[in-house]
Amino acid sequence: MNLLRFAFVTLTTLGFLSPASALHIMLDPGHGGIDTGAVYGPAKEAELVLTVANRLKALLEKDPSFQVSITRTQDRNISLPERVRLAEAKKADLFVSIHANSASDIRAKGVEFFFQNNLPPDEESLFLASQENQAMITSHEMHEVSGGDEVSKKGDVAAIVEDLRRQNRMLSSLRLTQTLTNVWETDASAASSTIKQAPFYVISKTSMPSVLIEIGFLTNPREVKKLLNKDYQGDLAQKIYKALVSYKEKVDNSAAKTLN
Ligand SMILES: [Zn+2]
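A.B. asks: Got a sec to walk through the overall build of the protein chain? Specific residues and values, please.
C.D. replies: What the protein chain contains, in helices and strands, is nine helices and eight strands. For the protein chain, the proportion of its 260 residues judged to be buried stands at 49%. Taking as baseline every contact in the protein chain between residues at least 6 positions apart, the subset at least 24 positions apart corresponds to 82%. Approximately 12800 Å² of the protein chain is accessible, and the part contributed by carbon and sulfur atoms is 53%.

A.B. asks: Before we move on, can you summarise the coordination of the zinc ion with the specific residues and values?
C.D. replies: Around a metal, the idealised angle for a tetrahedral arrangement of four donor atoms is 109.5 degrees; for an octahedral arrangement of six donor atoms it is 90 or 180 degrees. Taken together, His31 (NE2), Glu45 (OE) and His99 (ND1) make up the protein donors of the zinc ion, found 2.0 to 2.2 Å from the metal. Each donor residue of the zinc ion belongs to the same chain, with the gaps between them written as H-x13-E-x53-H. A residue pair is termed long-range when its members are at least 10 positions apart, and His31 in the loop between strand S1 (23–29) and strand S2 (39–40) and His99 in strand S5 (residues 94–101) qualify at 68 residues.

A.B. asks: Could you give an account of the packing of aromatic side chains, with specific residues and numbers?
C.D. replies: We describe a pair of aromatic rings using the distance from one ring centre to the other and the angle between the two ring planes. All chains considered together, the criterion is met by three aromatic pairs. Ring plane angle 90 degrees and centroid distance 5.0 Å describe the contact between Phe114 and Phe200, whose orientation is recorded as edge-to-face. Placement of Phe114 in strand S6 (residues 111–115) and of Phe200 in the loop between strand S7 (193–197) and helix H7 (201–205) is noted, with a sequence separation of 86 residues between them. Look at Phe200 and you get partly exposed, because its relative accessible area is 28%. Positioned over the ring face of Trp184 is Lys239, at 5.9 Å from the centre of the ring.

A.B. asks: If you had to explain unusual backbone geometry to someone new, which residues and values would you point to?
C.D. replies: It is generally the case that most residues other than glycine have a negative phi and that most peptide bonds are trans. Here His31, not a glycine, exhibits a phi torsion of approximately 60 degrees, which is positive. Taking the relative accessible area as the measure of exposure, His31 reaches 18% and is therefore buried. Backbone geometry places Lys91, a non-glycine residue, at a positive phi of 55 degrees. Overall, the relative accessible area of 67% leaves Lys91 in the exposed class.

A.B. asks: Quick rundown of the pattern of salt bridges? Include the residues and the values.
C.D. replies: Proximity of charged atoms lets side chains of opposite charge pair with each other. In this structure the tally under the stated criterion is nine salt bridges. Taking the shortest distance from any N to any O, the salt bridge between Glu82 and Arg85 comes out at 3.0 Å. With Glu82 and Arg85 both in helix H3 (residues 80–89) and three residues apart, the pair spans about one turn of that helix. Given the relative accessible area of 29%, Glu82 is considered partly exposed. You can call Arg85 partly exposed: its relative accessible area is 45%. With its nearest N and O atoms 3.1 Å apart, the salt bridge here joins Asp105 to Arg107. Several salt bridges converge on common partners, so that one network encompasses Asp187, Asp235 and Lys239.

A.B. asks: Give a detailed account of the nonpolar core, specifying residues and quantitative values.
C.D. replies: Residues Ile215 and Leu244 are the most contacted members of the largest nonpolar core, which totals 42 residues. Counting 13 residues, the second-largest nonpolar core is a separate cluster that includes Leu86, Ala87, Met208 and Leu212.

A.B. asks: How would you explain helix H2 (residues 45–61) if you had to name every residue and give the values?
C.D. replies: In an α-helix, one turn spans 3.6 residues; hence positions three or four apart end up facing the same way. The end-to-end C-alpha separation of H2 is 24 Å, in line with the 24 Å expected for 17 residues at 1.5 Å each. When we look at burial in H2, the residues that qualify are Glu45, Ala46, Leu48, Val49, Leu50, Val52, Ala53, Leu56, Lys57, Leu59 and Leu60.

A.B. asks: Quick rundown of the pairing of S5? Include the residues and the values.
C.D. replies: Burial within S5 is extensive, with eight of its eight residues counted as buried. Pairing of S1 with S5, which is carried by five bridges, proceeds in the parallel orientation. When the bridges of S5 are listed, Leu27 appears paired with Val96. One ladder, built from six bridges, connects S5 with strand S8 (residues 210–217); its direction is parallel.

Rules and cut-offs
Residues numbered from 1 in each chain as written. Predicted model: local features only at pLDDT ≥ 70, side-chain atom pairs only at ≥ 80, totals over all residues. Heavy atoms only, no water. Helix = DSSP H or I, 4+ residues; strand = E, 2+ residues; numbered from the N terminus. Buried < 20%, exposed > 50% of the residue type's maximum accessible area, 1.4 Å probe, protein only. Contact = heavy atoms within 4.5 Å. Areas by Shrake-Rupley, 256 points an atom, 1.4 Å probe, with all protein chains shown as cover. Donors = N, O, S within 2.8 Å, 3.2 Å for Na, K, Ca; no water. Phe/Tyr/Trp six-rings, centres within 6.5 Å; stacked < 30°, edge-to-face > 60°. Lys NZ or Arg CZ within 6 Å of the ring centre and 35° of its normal. Salt bridge = Lys/Arg side-chain N within 4 Å of Asp/Glu carboxyl O. Core = buried A, V, L, I, M, F, W, Y, C linked by side-chain atoms within 4.5 Å. Expected span 1.5 Å × (residues − 1). Pairing = 2+ DSSP bridges.

Here it is as structure tokens:
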């Protein structure tokens, strides 16, 4: 069993993931109000990401598989801690932050997905790559968690559960990010997409799985033209929606397999 699958199975068994219940998405259009984000000519990041987020919100609202909240619906300023607080208060299952990129090199283009796992990148890749680590987790924690009567100290259980929560958050964020890339990769006409890691505040501080999407570069003359186009904005919302649908299917399938 690979690590992703193990985490999903274990968390489902523990009741963290319930199959087929609506997935609560907290959308987070970046910036707003006095904080305009990147501005290049007519393109304002705060406005652009709000438009895409609102279109995505409309798609999610029509789908009973999802529940949707948003950190701001208007062009107003909202602090980063407040965004995190809102997501926690709503007990959202996923946090999706939407931004637009800028770079000193005007050739920079494409969509970037950022996820955060609270480990330095080198440790993270070690963690993901290590078969020994995987085997250790499977035999040790599975035993501790499933062998209820053998676990005597409440503190031990709490520590294991906390550990699993952290693992779930990281692995689910990674899975979500990979699902997003898959959607972009299957559309030949879509902008290129990459997965990156960076300690952005909103995706570092939220306790639920999270992703930060940079929808394109405002500094790239060709890309900014597309980003200002209403159809293209709708297409971006559609793509993110498609990825969320596919992510939810994966969660539900993992949960169903465990329960059957
Ligand atoms: Zn931004």
